[in-house]
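Residues per chain, in single letters:
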Amino acid sequence: MQYAAAEQAWYMPAAVAATPMAESAVARVERLASESAVVVFSVSSCCMCHAVKRLFCGMGVHPTVHELDLDPRGRELERALARLLGYGPAGAPVVPVVFIGGKLVGAMDRVMAAHINGSLVPLLKEAGALWL
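What you see is a predicted model, and the numbers here were worked out from it, not measured in a lab. (Residues numbered from 1 in each chain as written. Predicted model: local features only at pLDDT ≥ 70, side-chain atom pairs only at ≥ 80, totals over all residues. Heavy atoms only, no water.)

A. Region of the structure containing the overall build of the chain. Across its full length, the chain carries 6 helices and 4 strands. The proportion of buried residues among the 132 residues of the chain is 39%. Taking the intrachain contacts of the chain between residues at least 6 apart in sequence as the baseline, contacts between residues at least 24 apart amount to 64%. (Helix = DSSP H or I, 4+ residues; strand = E, 2+ residues; numbered from the N terminus. Buried < 20%, exposed > 50% of the residue type's maximum accessible area, 1.4 Å probe, protein only. Contact = heavy atoms within 4.5 Å.)

And the structure:
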């Protein structure tokens, strides 16, 4: 329980009140993904989400994180992310989902594959998230 309170203390939903209710979930995901160089859609209790956030922080990249379990429209966004990833209605867990430079990179498997094969750093540099 104390973790939930600590999580909420640093998380501030970005412009929830300013978002028009007519905006579709896919449009909202695309808008949020384009607002920062690196965007992670996450669930605060997900260990894989934590791992991808730590990977980026360890590289000196500070992603914008949208915790879906703390967002009033989180389930709707998660379904939109599943559609973007091409998952079926009862597919595997969706999060974490990473966007770099406004482009969908994918879930944890794609991010780790890009990290291992050396293509993640150039993506981050191109998006302006890494300078070195």
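That shown, we press on.
B. A look at unusual backbone geometry. Cis geometry marks the peptide bond from V95 to P96, where omega comes out at -5°. Following the sequence through the fold, P96 ends up in the loop between helix 4 (74-85) and strand 3 (97-100).

C. Up close: the pattern of salt bridges. Taken as a whole and judged by the stated rule, the model has 5 salt bridges. As a salt-bridge pair, E67 and K53 come within 2.8 Å of each other at their nearest N and O atoms. Of this pair, E67 sits in strand 2 (residues 64-67) while K53 is found in helix 3 (residues 47-58), placing the two residues 14 residues apart along the sequence. Here E67 matches K53 in class, with each residue buried. The structure contains a network of salt bridges with shared partners spanning E23, R31 and E35. (Salt bridge = Lys/Arg side-chain N within 4 Å of Asp/Glu carboxyl O.)

D. Representation of helix 3. With 12 residues, helix 3 should cover 16 Å at 1.5 Å per step; its first-to-last C-alpha distance of 16 Å lies within 8% of that length. For helix 3, every residue scored as buried is listed here: C49, V52, K53, L55 and F56. All buried residues of helix 3 project into a common sector of 155° when viewed along the axis, lining one side. Facing away from the buried side of helix 3, by more than 90 degrees, are the exposed residues C47 and G58. (Expected span 1.5 Å × (residues − 1). Arc of directions from axis to C-beta.)

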